[in-house]
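Read off the chains here:
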Amino acid sequence: MSRTGLFISFEGIDGAGKSSHIKALADAFSAQGREVVLTREPGGTPLAEKLRALLLGDAMDPLTEALLAFAGRRDHLVQVIEPALARGDVVLCDRFTDATFAYQGAGRGFDRAPLAQLERLVQTGVAPDPAQLREPDLTVWFDLPAEVAAERLSHARLPDRFEAQPLEFFRRVAQGYADRAGAAPQRFARIDANHARALVWQQLEAVFAQRGWLPAAAGQDPQ
Ligand SMILES: Nc1ncnc2c1ncn2[C@@H]1O[C@H](COP(=O)(O)OP(=O)(O)O)[C@@H](O)[C@H]1O
Ligand SMILES: Cc1cn([C@H]2C[C@H](O)[C@@H](COP(=O)(O)OP(=O)(O)O)O2)c(=O)[nH]c1=O
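For clarity, every value in this text was computed on a predicted model and none was experimentally measured.

A. Up close: the overall build of the chain. Helix and strand counts for the chain come out as 8 helices and 5 strands. Radius of gyration (C-alpha) of the chain: 17 Å, near the 17 Å computed for a compact globule of 223 residues. Projected onto its principal axes, the C-alpha coordinates of the chain cover approximately 50 × 40 × 30 Å. When each of the 223 residues of the chain is scored for burial, the buried share is 51%. Within the chain, residue pairs in contact and separated by at least 24 positions form 75% of the contacts whose partners lie at least 6 positions apart. Of the charged side chains in the chain, 25 are positive and 29 negative, and the gap between their average positions amounts to 1 Å.

Here it is in structure tokens:
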């Protein structure tokens, strides 16, 4: 029986807890017999990973950031995401276009209208219907106050160019995500990430069970 592919993105400010849960969701889908493609942006293809290294490492203005993000995205869509969806796989993508609106748009203060034009240009002509704008079927948004994320990251990794930004930057990014979620409430599922891992995982299970994509108690608590 052929299955319909599923495209799911994960969003939130740095330190919101995405990475801690995506692998567990991949395992939960695999346990249901689904083929899972675990991928990320910026990145996801050899070319896009090179662009990621530039984006995270080199100083540049917001338009250049946005163009690099969308260039990598086009390659990622054409080389990885569309073929996986055509096979009926589950694509779990750590960040997608909402991150460009949140980081380059709200965070850097770059005008949203050209971002929307780039979104249309890059995300059409790839799906079986060339006019269709390819968007995630679901975007899981880990919502966490910027102060809490900063506190978590202070115990974690060495900051990259974005993670080194001040709190005020992340407050704007968080608002950028809230705006995107408000504009497409049917696509977004908000997770209150300001809880212990086990409670965050329970919320994720509920989101996926509601859609009939995973059984209510599937997967492993990553704790
Ligand atoms: N629910 C949680 N409570 C406390 N700390 C957490 C929680 N989830 C993740 N962390 C820790 O916070 C840091 C950032 O988590 P991570 O999953 O890397 O976030 P992201 O991928 O969203 O940037 C890591 O050190 C992680 O161990
Ligand atoms: C996808 C995307 C990410 N970013 C930023 C957000 C993050 O700070 C950074 C990389 O994201 P991420 O992979 O979540 O970082 P890490 O591996 O350190 O957890 O890139 C943008 O600025 N624009 C974009 O379009």
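Once you've had a look at it, read on.
B. Structural detail: the site of ligand 1. Neighbouring ligand 1 are 13 residues; Gly 15, Lys 18, Ser 19, Ser 20 and His 195 lie closest to it. One of the backbone N or O atoms of Ala 16 is found 3.3 Å from an oxygen atom in ligand 1. A distance of 2.4 Å separates an oxygen atom of ligand 1 from a polar atom in the side chain of Ser 19. Taken by itself ligand 1 offers 560 Å² of open surface, and the protein chains cover 79% of this. In the shell around ligand 1, the residues fall into 3 nonpolar, 5 polar and 5 charged.

C. Highlighting helix 4 (residues 97–107). Most of helix 4 sits inside the fold, with 11 of its 11 residues counted as buried. By the burial criterion, the buried members of helix 4 are Thr 97, Asp 98, Ala 99, Thr 100, Phe 101, Ala 102, Tyr 103, Gln 104, Gly 105, Ala 106 and Gly 107. Of the residues one or two after helix 4, Gly 109 is the one with positive phi, at around 85°.

D. Broad picture of the UniProt feature "binding site: ATP" (unreviewed entry) in the chain. Per the UniProt entry, the sites bearing "binding site: ATP" (unreviewed entry) are Gly 12, Ile 13, Asp 14, Gly 15, Ala 16, Gly 17, Lys 18 and Ser 19 in this numbering. In the annotated set above, the residues contributing to the lining of the largest pocket are Ile 13, Asp 14, Gly 15, Ala 16, Gly 17, Lys 18 and Ser 19. The topology assignment puts Ile 13 in the loop between strand 1 (6–11) and helix 1 (19–31). Setting aside its immediate chain neighbours within four residues, Ile 13 contacts Arg 95, Tyr 103, Phe 142, Leu 144, Pro 145, Ala 146, Ala 149, Phe 170, Val 173, Ala 174 and Tyr 177. In this structure, Lys 18 sits in the loop between strand 1 and helix 1. For Lys 18, a relative accessible area of 8% corresponds to the buried category. Setting aside anything within four residues of it in sequence, one finds Lys 18 in contact with Phe 10, Glu 11, Gly 12, Asp 94, Arg 95 and Phe 142.

Calculation notes
Residues numbered from 1 in each chain as written. Chains lettered and ligands numbered in written order. Predicted model: local features only at pLDDT ≥ 70, side-chain atom pairs only at ≥ 80, totals over all residues. Heavy atoms only, no water. Helix = DSSP H or I, 4+ residues; strand = E, 2+ residues; numbered from the N terminus. Rg over C-alpha atoms; globule rule 2.2 N^0.38 Å. Buried < 20%, exposed > 50% of the residue type's maximum accessible area, 1.4 Å probe, protein only. Contact = heavy atoms within 4.5 Å. Lys, Arg positive; Asp, Glu negative; His and termini not counted. Charge placed at Lys NZ, Arg CZ, Asp CG, Glu CD. Near = heavy atom within 4 Å. Polar contact = N/O pair within 3.5 Å; in protein donor to acceptor, adjacent residues only side chain to side chain. Areas by Shrake-Rupley, 256 points an atom, 1.4 Å probe, with all protein chains shown as cover. Nonpolar A, V, L, I, M, F, W, Y, C, P; charged D, E, K, R; others polar. UniProt positions renumbered as here; feature names shortened; annotations may be inferred. 1 Å grid on protein atoms, 1.4 Å probe; cavity = no way out; pocket = protein on both sides within 12 Å on 5 of 7 lines; lining within 4 Å.

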